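Observations on chain architecture
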Amino acid sequence: MSVSVAQQKMFVDGEFVDALSGETMEVLNPATGEVIAEVPRAGEEDVDRAVAAAEKAWETWREKTPKDRMELLLGLADVIDENAEELARLESRNVGKPWWVAVDEPGVMSDNLRFFAGAARNLEGKSAAEYVEGYTSMIRREPLGIVAGIAPWNYPLFMVIWKMGPALAAGNVQIVKPAEQTPLTVLRFVELAQEILPKGVLQVVTGDGVPAGDRLVRHPSVRLVSLTGDTATGKLIAKNAADTVKRVHLELGGKAPMVVLDDADPATVAEAIKVGGYFNSGQDCTASSRILVSERIYDDVLSASVTAVEGMSVGDPATDDEIGMGPVISAEQQERVLGFLERAQDAKATVVTGGGAVGDRGFFVAPTIVTDVAQDAEIVQNEVFGPVVTMQPFASDEEAVAMANGVRYGLASSVFSENVGRAMKVAARLDFGTVWVNEHLFPLTPEMPHGGFKESGYGKDMSLYSMEEYTRIKHVCVKLS
Ligand code: NAD
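What you are looking at is a predicted structure, and each value in this text was computed from that prediction instead of being measured.

In the sheet, strand β5 (residues 129-132) pairs with strand β6 (residues 135-143) via two bridges, with the strands oriented antiparallel. Within β6, the residue paired with Val132 across the bridge is Tyr135. Taken together, β5 and the strand that follows it, β6, pair antiparallel across an intervening segment of two residues, in which Gly134 is found at a positive phi of about 85°.

What follows is about the pattern of salt bridges. One pass over the full model with this rule turns up 28 salt bridges. The salt bridge partner of Lys474 is Glu142, with a shortest N-O separation of 3.0 Å. One end of the pair, Lys474, is in strand β24 (residues 471-479); the other, Glu142, is in strand β6, with 332 residues separating them in the sequence. When its relative accessible area of 34% is taken as the criterion, Lys474 is described as partly exposed. You can call Glu142 buried: its relative accessible area is 8%. We note a salt bridge from Asp214 to Arg218, for which the minimum N-O separation is 2.9 Å. Of the two residues, Asp214 and Arg218 are both situated in helix α8 (residues 209-218); the distance of four residues between them amounts to about one turn of the helix.

The next thing to look at is the pairing of strand β13 (residues 290-294). Among the five residues in β13, five count as buried, and that is most of the element. Residues of β13 alternate between two faces, with Arg290, Leu292 and Ser294 on one and Ile291 and Val293 on the opposite face, all of them buried. Pairing of strand β12 (residues 257-260) with β13, which is carried by four bridges, proceeds in the parallel orientation. By the bridge assignment, Met258 is partnered in β13 with Ile291. In this region the chain leaves β12, passes through helix α10 (residues 266-278) and returns to the parallel neighbour β13; the handedness of that crossover is right-handed. Bridge count between β13 and strand β18 (residues 388-394): five bridges; the pairing is parallel. Across the sheet, the residue bridging to Arg290 is Thr390, located in β18.

The geometry of α8 relative to helix α9 (residues 231-241) is characterised by a closest axis approach of 8 Å and an angle of 45° between their N-to-C directions. Judged on the interaxial angle alone, α9 and α8 are oblique. Crossing of α8 against α9: the hand is right-handed. On the side of α8, the interface is formed by Asp214, Val217 and Arg218, while α9 contributes Ile237, Asn240 and Ala241. Classifying every residue of the contact of α8 with α9 by side-chain character gives three nonpolar, one polar and two charged.

Before going further, it helps to examine the sheet that holds β5. With respect to topology, three strands assemble into an open sheet ordered β5-β6-β24, the strand pairing being antiparallel. Both edges of this open sheet fall to β5 and β24, since each of them pairs with a single strand only. Neighbour-to-neighbour, the strand axes of this sheet turn through a mean angle of 45°, independent of strand direction. Pairing between β6 and β24: nine bridges, direction antiparallel. Within β24, the residue paired with Glu142 across the bridge is Arg472.

Rules and cut-offs
Residues numbered from 1 in each chain as written. Predicted model: local features only at pLDDT ≥ 70, side-chain atom pairs only at ≥ 80, totals over all residues. Heavy atoms only, no water. Pairing = 2+ DSSP bridges. Helix = DSSP H or I, 4+ residues; strand = E, 2+ residues; numbered from the N terminus. Salt bridge = Lys/Arg side-chain N within 4 Å of Asp/Glu carboxyl O. Buried < 20%, exposed > 50% of the residue type's maximum accessible area, 1.4 Å probe, protein only. Right-handed = clockwise from strand over helix to strand, strands pointing away. Axes fitted to C-alpha atoms, helices over the stretch in contact; angles between N-to-C directions. Parallel < 35°, antiparallel > 145°, perpendicular 65-115°, else oblique. Left-handed = near helix turned anticlockwise from the far one by under 90°. Contact = heavy atoms within 4.5 Å. Nonpolar A, V, L, I, M, F, W, Y, C, P; charged D, E, K, R; others polar.

Set out below in structure tokens:
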């Protein structure tokens, strides 16, 4: 099936428009390096225009009932399901996702929107009562008004959907800015949904972090910015949002440990590493990028993992639906990943498998395993965001927990053991927003929260907890006579 990339305007005030400056930016296919689209490069004036439209839309959207909001979200979920293959093909082309990764995303996204369609009708507050004689007090849980969602390039439409569900369910109007590298599926989605989207309730501006994202962060009428992105970007946004005392929701980087206790099965662990470490070319904030293995089974786990990883096919997903792993997102990202590997080797680390670029076009990096790394090594402490895992041995469960927690990130982690009680003890001590036991990366389900501790950010995506981010609490006190 051919993929449409005809949509090259952004969606403001219910219309597809160019940037007021007329400027555009190129979008590449990372598997070939070819330009596949041009989209508007929004400036501050375009963001201001979208905010003005959002202010207008808010006046009518705020009067809608939870049922109305539910119906919109159910309609948007149907749009995804009805166009699942096209959206998956487009995402595969723009991000370099293998087909087996891309094809799963639409069903997960529509399920997420349906969860929030239900959540729209289940917002709760404390009961109304006479806490002071002669007065009734009640709590209103209200939307914030205009909220912004700023998305990363690794899960372009997926991350927008995570932000859109709770934002619209709670009754807000939203302006979304996709990452500059990957705006195509978000634009195509709003194009497909335009008939059912009330004007100005959901808008998409395409452009760079600065000025487009930055203007959303600084605009006084925007009351929340939700970012999924790098920790450095999150810190900057939190600082800049402080000028307008704006609420900030941050889903940032990760450096997830997979803790493998001495009673785990090496073959099972190797299969989990193959998925957890290399899914989406390792460009996943929850990727199992640090494998911590009991020294008793270290050699077995390493050799099983090398076999599993070397069995993965790497290539352009457009040429073969069976490809196991695609490219990284850009030439810049490829250089960044290779730079980490070079510096690690300079510091006496061993590249057991992989370690270099693959092919003569596109931005591919071979699936890589690195050993002989110290806990304070750059490659252990910092997010590589590519198909690279490190493997470190540990002597005791206590040491494993200390090593796992010994980074500035706190997004996700896992523990592998045949002994549930032992695994639970370790899980309780892990300083991460998610702990999987005998799994890594999956499952994700909209009922459960996703979010980090420490420098991985604050606030939750998914689950009813995310509704907290997108609502505010008002006390209304009524004098009874
Ligand atoms: P990035 O921080 O470079 O960009 C993210 C978004 O922020 C982009 O849309 C960008 O244009 C925008 N931006 C950049 N500077 C800005 C500024 N000053 N003001 C406003 N907006 C600005 O991140 P990326 O490289 O696109 O994505 C990769 C990062 O995202 C990784 O660190 C990864 O761990 C993280 N991530 C986290 C999660 C999570 O759930 N915690 C999920 C996916 C990705």
